[in-house]
Amino acid sequence: MSLAALDSPPNRPRWTARLKEFLIDRLGLETFAELAAKKRVPIHRSTVFYFLGGMALFLFGIQVVTGILLSLYYKPSPDQAFESVRAIMTEIEYGWLIRSIHSWSANLLIGVLYLHLLTTFIMRAYRRPREFTWITGLVLLAMFLAFGFSGYLLPWNQLAFFATKVGTDITGGVPLVGESMLLLARSGEEVTGDTLARFYSLHVVILPLAVLAVLGVHLYLVQKHGMSVPDAAARRYGGPEHVPSMPFVPHFLLRDMVGWYVALGLLAALAALFPWELGTKADPFGAAPEGIKPEWYFLFMFATLEQTPSHVFGLENKQAVVLFFSLVGLVVLAVPFLDRRADRGGPRPALSFLATWAVFAFVVQTAVGLGLLHFGLSVSVFVSGALAIAFRLLMLWWCALDRRRMSA
Amino acid sequence: MMEATSPSTPRRAWLVRTLQASVAASVAAIFYPVVRFLWPRRGTVSSAAEVVAPFTVAQLKSLQEKGEAPPPFNFDNKPCLVVLMPDGDLRAYNGICTHVACTVTVRPGHGDIFCNCHNGVYDLNGQPVSGPPPRPLEAYKVFRRKTPSGQEEIVVSRST
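Read on for an overview of the structure. (Residues numbered from 1 in each chain as written. Chains lettered and ligands numbered in written order. Predicted model: local features only at pLDDT ≥ 70, side-chain atom pairs only at ≥ 80, totals over all residues. Heavy atoms only, no water.)

1. Concerning the interface of chain A and chain B
Step number 1: Across the boundary between the two partners, chain A contributes 16 residues, which contact 12 residues of chain B.
Step number 2: Carbon and sulfur atoms make up 63% of the surface buried where chain A meets chain B, a total of about 1,200 Å² over both sides.
Step number 3: Its largest share of buried area at the contact with chain B, chain A owes to A:Tyr73, A:Glu93 and A:Tyr94, together 42% of the area lost on that side.
Step number 4: Inspection of the chain A/chain B interface yields two salt bridges.
Step number 5: Residue B:Arg36 is joined to A:Glu93 by a salt bridge in which the shortest nitrogen-to-oxygen separation is 2.1 Å.
Step number 6: Taken together, the links from chain A to chain B amount to five residue pairs in polar contact (both at pLDDT 80 or more).
Step number 7: When residues of the side of chain A that touches chain B are traced back to their parent elements, those giving at least two are α4 (51-71), α5 (81-90), α6 (95-122) and α12 (248-273) of chain A.
Step number 8: Per-element accounting of the side of chain A that touches chain B gives the leading share, three residues, to α6(A).
Step number 9: Per-class residue counts for the side of chain A that touches chain B are 12 nonpolar, one polar and three charged. (Contact = heavy atoms within 4.5 Å. Buried area = accessible area lost by both parts, 1.4 Å probe. Salt bridge = Lys/Arg side-chain N within 4 Å of Asp/Glu carboxyl O. Polar contact = N/O pair within 3.5 Å; in protein donor to acceptor, adjacent residues only side chain to side chain. Helix = DSSP H or I, 4+ residues; strand = E, 2+ residues; numbered from the N terminus. Nonpolar A, V, L, I, M, F, W, Y, C, P; charged D, E, K, R; others polar.)

Rendered as structure tokens:
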């Protein structure tokens, strides 16, 4: 004992070393240590995009923690839901902070996921063997949109009531099974207390379990295949294996944590400066509130629904819109299989153009939804298409310039 | 190499200490509101100083003669029991058993107060007689009050 104590370094107590050894041995921690040591993050111009996934994961963690806290006081019934959220905002100490952070973090999370999707597309990180990473990512995005939609109803205020009414009504536009889906979503023909219970269960039990499962697969795949290197970076260094990289632990993780710390500060500031509103209690027989709008991440669909005429090609308005966005979703899901020259690093002009168009359409339609632009559907399509063409031409010119500089 | 030089480089040690202090401060700043949030809110039900029992002395008497007892009623957010003693005195108790907080039952037939959870027995004065209860039941002040209609109502107030 005394000899061993003399052997050990003077500023490290012997028992911590022994505890560490004990835990490593009994829990098999060396497996994780090996995995962590193997994981490396490439360094190139787009490395910053690699932070988005970790940021989404952090914000999801915030949602889990604040969500559990809110569930301690929230009561999911039409008689008590509004009152309990009001109590959280006014009576419970720091309840306003927890709820506002939950709402703000939800919005930031969706924003980060949209960016994560876009940058993954730009970097072509969906290429072989990462097709399932792409697909599970899209499934997760859909689940988080469902999280946002179901959570929105829970305070049982007038805005939420009508948002849910409209949102669930749109599912009625799905061909053939629409009506059954509508009944299933609302648990009846109208939005009632049963709908609230259903959405609550979806929000706090079903979706969290489902997200954990799919997220597990997504993260496993990221770990298994490693980080994807964009073509440009691989070409610059003469092959993806020559691109410089840094160890994930601790170099990239510490950078991740700086981002998380900033995000936490931003959330606290947003919650303190702009606490989330509660509105008035839902009145099923009251009129829809003036200027009612969904959250920003659904605005592009809302605007499209508003612009689309009552009948299109023999389809009703909402049927046409649901069909269109379902097709868009399928195309996005199929991107890894549509990009057929991906393996050889060949260009993907059609996909790139469609994606650019989609991004501009998203921006234009969101502006329309906000009431900043007053466009009809054809004007929106034309303007976003023209912007996409202009952007692609700009990019071509930029690349040509780059190539001339490189050869010179 | 870093480790070897760290004891002799106070600047680095200072940086590490500052980082540790910042992390500790951040953790405290995060946990403080969470703990305050978790703490139960102050009681929203005002506790009355005194309360009138939902039965009269005559009703209590006739029930007890049948060997029954009225159900406990709410006083100060606790179940309150009223017992009419054989000598005509009234007693009022906090009906929470001093063992592990079940609500006890008056058994006029047995002349005792009984706890169903672990067979604790108190006498009608609230003193533990047998079983696990460690202390007597908390007693309240109780008195009769004549109503305009000539009934005698039972008023319970706090013992202090």
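2. Structural notes on the pattern of salt bridges
Step number 1: In the structure shown here, the tally under the stated rule is 17 salt bridges over all chains.
Step number 2: Here A:Asp339 ties to A:Arg124 by a salt bridge, and the two come within 2.8 Å at their closest N and O atoms. Of this pair, A:Asp339 sits in the loop between α15 (335-338) and α16 (349-370) while A:Arg124 sits in the loop between α6 and α7 (131-153), and the two are 215 residues apart along the sequence.
Step number 3: B:Glu152 is the partner of B:Lys146 in a salt bridge, and the nearest nitrogen-oxygen pair spans 4.0 Å.
Step number 4: With relative accessibility at 60%, the residue B:Lys146 sits in the exposed group. (Buried < 20%, exposed > 50% of the residue type's maximum accessible area, 1.4 Å probe, protein only.)

3. Examining the packing of α6(A) against α12(A)
Angle between the axes and distance between the axes are the two parameters that describe a pair of packed helices.
Residue and element names in this part refer to chain A.
Step number 1: As a packed pair, α6 and α12 sit with axes 8 Å apart at the nearest point and diverge in direction by 120°. Taken together, the axes of α6 and α12 lie oblique to each other. As for the relative orientation of α6 and α12, their crossing is right-handed in sense. Contact residues: Trp96, Leu97, Ser100, Ile101, Trp104, Ser105 and Leu108 in α6; Leu266, Leu267, Leu270, Ala271 and Ala272 in α12.
Step number 2: Grouping the amino acids of the contact of α6 with α12 by side-chain chemistry returns 10 nonpolar, two polar and no charged. (Axes fitted to C-alpha atoms, helices over the stretch in contact; angles between N-to-C directions. Parallel < 35°, antiparallel > 145°, perpendicular 65-115°, else oblique. Left-handed = near helix turned anticlockwise from the far one by under 90°.)

4. Comments concerning the pairing of strand β6 (residues 112-115) of chain B
All names here are of chain B.
Step number 1: In β6, alternate side chains face the same way, and those of Asp112 and Phe114 on one face and Ile113 and Cys115 on the other are all buried.
Step number 2: Note that strand β5 (residues 105-107) and β6 share three bridges and pair antiparallel. Residue pairing in the sheet places Arg107 in a bridge with Asp112 of β6.
Step number 3: Connecting the antiparallel pair β5 and β6 is a turn made up of four residues, with Gly111 showing a positive phi of about 65°.
Step number 4: Summarising the sheet, β6 and strand β7 (residues 120-123) pair through four bridges and their orientation is antiparallel. Following the sheet pairing, Phe114 is matched in β7 by Val121.
Step number 5: What sits between β6 and β7 in their antiparallel hairpin is a turn of four residues, with Asn119 showing a positive phi close to 55°. (Pairing = 2+ DSSP bridges.)

5. Points about the sheet that holds β6(B)
Residues and elements named next belong to chain B.
Step number 1: Pairing is antiparallel in the open sheet, where four strands are placed in the order β5-β6-β7-β8. Every interior strand has two partners, whereas the edge strands, β5 and β8 (128-130), have only one. Averaged over all pairs of adjacent strands, the angle between their axes in this sheet comes to 35°, without regard to strand direction.

6. A few points about the state of the cysteines
All names here are of chain B.
Step number 1: Summed over the entire model, instances satisfying the criterion amount to one disulfide over all chains.
Step number 2: Paired by a disulfide, Cys102 and Cys117 hold their sulfur atoms 2.0 Å apart. Looking down the S-S bond of the Cys102 and Cys117 bridge, the torsion is -95°, so its handedness is left-handed. Highlighted residues: Cys102 in the loop between β4 (90-94) and β5 and Cys117 in the loop between β6 and β7, separated in sequence by 15 residues.
Step number 3: Assessed through its relative accessible area of 17%, Cys102 is described here as buried.
Step number 4: A relative accessible area of 41% means that Cys117 is categorised as partly exposed.
Step number 5: The cysteine Cys115 is free of any disulfide, with Cys97 supplying the nearest cysteine sulfur at 4.0 Å.
Step number 6: Looking at Cys115, the relative accessible area reads 3%, which means it is buried. (Disulfide = S-S within 2.5 Å.)

7. What to know about a nonpolar patch on the surface
Residues and elements named next belong to chain A.
Step number 1: Residues Trp15, Leu19, Phe22, Leu23, Ile24, Leu27, Leu29, Phe32 and Leu35 make up a contiguous nonpolar surface patch of roughly 870 Å² in combined accessible area.
Step number 2: Of all the secondary-structure elements, those providing two or more residues to the nonpolar patch are α2 (14-27) and α3 (29-38).
Step number 3: No other element matches α2, which puts six residues into the nonpolar patch.
Step number 4: Judged by its relative accessible area of 36%, Leu35 falls in the partly exposed class. (Patch = residues over 30% accessible without salt bridge, like charges linked within 9 Å, V, L, I, M, F, W, Y side chains within 5 Å. Areas by Shrake-Rupley, 256 points an atom, 1.4 Å probe, with all protein chains shown as cover.)

8. Topic: the sheet that holds β4(B)
All names here are of chain B.
Step number 1: Reading across the sheet, the six strands line up as β1-β10-β9-β4-β3-β2 and stay open at both edges, with antiparallel pairing between neighbours. What marks the edges here is a single partner per strand, and that holds for β1 (50-56) and β2 (73-75). The average undirected angle you get between the axes of adjacent strands in this sheet is 40°.
Step number 2: Pairing analysis gives five bridges linking strand β3 (residues 78-84) to β4, with the strands arranged antiparallel. Counterpart to Leu84 in the pairing with β4 is Leu90.

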